[in-house]
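So the chains spell out like this:
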Amino acid sequence: FSFEGTGEGLSADVLAGMKSDSYDLVIGSNAFIPGFEDQMIGKPRNEFFDVNVTFPADYQEASLQNKAITFKCKIFEIQSAPSEITDALVNQLTGGQLKTKAEFLAYVKDSLNGQNINAAFEAAYAKTEIKGIPEKEQKYQDDLLEKDAQRAGVSVEEYIQGQNQQAQITLEQYNKDTRDESIKREMFAFAIAQKENITANDEDMQALLNDIRNNNQETGTDGEIYSKYGGKGRLIRSVIQNKVAEFIYQNAKDSPYVADAAETTTAKP
């Protein structure tokens, strides 16, 4: 809310100290002099109103002691106090997917960590120049797109519309904005993977399969899951790219991949 105090015989400095264009007040905090918060309760938003108070006799500013002041106020937003996180609240808000406070905090931590990893990858990628995209990579992605559309029982064009939630995106636009950008990111990731000897081992792939089963309620064999999600090669690429992103994040402070100078890579996945 905003407030501005007025009173007779007060210096400009004192009046300036009784003005704010934006202040967060917690009702019950007793941050202001007695009587101020009580008069804020029940007032509407976005309308000016007066709060009339008298400063205490022992107030630290002598010129305001026992002084009657009128504050012109306006409330911009009213928020309720945040609820305490409890197991019951977590269970309620997540529909039973998370059952305890500890599970919720772990979920938030993992989410924030994932965001940081993605941000580090994007920051490094933004400083990299990719010169040329291999045609075989474009064909590989085109084949995957066609298979995804077939599994969904729609045309490639219809599948693109559904994936991008746009009514008028063309195949040409998709190839430029989505397919080719995806290839560039993979080329960047695989160049680092090649240099840093980052690979996807059996444990990595098994962990991914377990995540797919847990998150998507999949019950098929490993081979059936690989087939449903575009083949083992496609998932290996995904694992390596994720491991590269985590590598960049873990080494971001001293990593050459987030240096100011742009790098060029022509490595092929």
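Draft legend 1. Up close: the overall build of the chain. Each helix and strand in the chain was counted, giving ten helices and six strands. Its C-alpha radius of gyration of 30 Å places the chain more than 25% over the 18 Å reference for a compact globule of 269 residues. Seen through its principal axes, the chain has C-alpha atoms that stretch 80 × 50 × 40 Å. Per-residue burial for the chain yields a buried fraction of 29% across its 269 residues.

Draft legend 2. Structural detail: the packing of aromatic side chains. Summed over the entire model, instances satisfying the criterion amount to 14 aromatic pairs. Ring centres 5.4 Å apart and planes at 35° place the aromatic pair Phe1 and Phe3 in the tilted group. Of the residues examined, Phe3 reaches a relative accessible area of 10% and is grouped as buried. Relative to Phe71, the ring of Phe55 has its centre 6.5 Å away and its plane inclined at 40°; by these criteria the two rings are tilted. Placement of Phe55 in the loop between β3 (48–54) and β4 (68–74) and of Phe71 in strand β4 is noted, with a sequence separation of 16 residues between them. A relative accessible area of 6% means that Phe71 is categorised as buried.

Draft legend 3. Structural detail: the packing of helix α5 (residues 135–152) against helix α10 (residues 232–250). It is the contact of α5 with α10, at a shortest axis distance of 12 Å, that shows an interaxial angle of 115°. When the axes of α5 and α10 are compared, the pair comes out roughly perpendicular. As α5 runs across α10, the sense of the crossing is left-handed. Only Gly233, Arg234 and Arg237 of α10 make contact with α5, whose side of the interface consists of Glu137, Tyr140, Gln141, Leu144, Asp148 and Arg151.

Draft legend 4. Representation of the sheet that holds β4. What the four strands build is an open sheet, ordered β2-β1-β4-β3; its pairing is antiparallel. Two strands lie at the open edges of the sheet, namely β2 (19–20) and β3, each paired on one side alone. Across five bridges, the pairing between strand β1 (residues 2–6) and β4 is antiparallel. What sits directly across from Thr6, in β4, is Thr70.

Draft legend 5. Highlighting α10. Between the first and last C-alpha of α10 there are 27 Å, a value that for 19 residues agrees with the 27 Å anticipated at 1.5 Å per step. Residues Leu235, Arg237, Val239, Ile240, Gln241, Val244, Ala245 and Ile248 constitute the buried set of α10. Where α10 is buried, its residues contact α4 (101–126), α5, α7 (171–196), α8 (202–216) and α9 (222–228).

Draft legend 6. Fine view of the nonpolar core. In this structure, Phe1, Phe36, Met40, Val51, Phe71 and Cys73 are the most contacted members of the largest nonpolar core, which totals 19 residues. Elements with a minimum of two residues in this core: α2 (36–40), β3 and β4. Discounting residues that sit within four places of it in the chain, Phe1 has contacts with Asp21, Ser22, Tyr23, Leu25, Phe32, Phe36, Met40, Cys73, Lys74, Ile75 and Phe76. Counting residues in each nonpolar core, the second largest holds 18 residues, with Ala120, Met187, Ala189 and Ile198 among its members.

Draft legend 7. Up close: the packing of α8 against α10. At their nearest, the axes of α8 and α10 sit 10 Å apart, and the two run at 100° to each other. The orientation of α8 with respect to α10, classified from their angle, is roughly perpendicular. Here Asp204, Met205, Leu208 and Ile212 of α8 come into contact with α10, specifically with Lys232, Leu235, Ile236, Val239 and Lys243.

Draft legend 8. Geometry of unusual backbone geometry. Backbone geometry at Asn46 places phi at a positive 60°, although glycine is not the residue there. As for its position among the elements, Asn46 is in the loop between α2 and β3. Note on Asn46: relative accessible area 52%, which makes it exposed. Residues other than glycine seldom take positive phi values, yet Gln217 does so here, at roughly 55°. Among the structural elements, Gln217 can be located in the loop between α8 and α9.

Rules of the game
Residues numbered from 1 in each chain as written. Predicted model: local features only at pLDDT ≥ 70, side-chain atom pairs only at ≥ 80, totals over all residues. Heavy atoms only, no water. Helix = DSSP H or I, 4+ residues; strand = E, 2+ residues; numbered from the N terminus. Rg over C-alpha atoms; globule rule 2.2 N^0.38 Å. Buried < 20%, exposed > 50% of the residue type's maximum accessible area, 1.4 Å probe, protein only. Phe/Tyr/Trp six-rings, centres within 6.5 Å; stacked < 30°, edge-to-face > 60°. Axes fitted to C-alpha atoms, helices over the stretch in contact; angles between N-to-C directions. Parallel < 35°, antiparallel > 145°, perpendicular 65-115°, else oblique. Left-handed = near helix turned anticlockwise from the far one by under 90°. Contact = heavy atoms within 4.5 Å. Pairing = 2+ DSSP bridges. Expected span 1.5 Å × (residues − 1). Core = buried A, V, L, I, M, F, W, Y, C linked by side-chain atoms within 4.5 Å.

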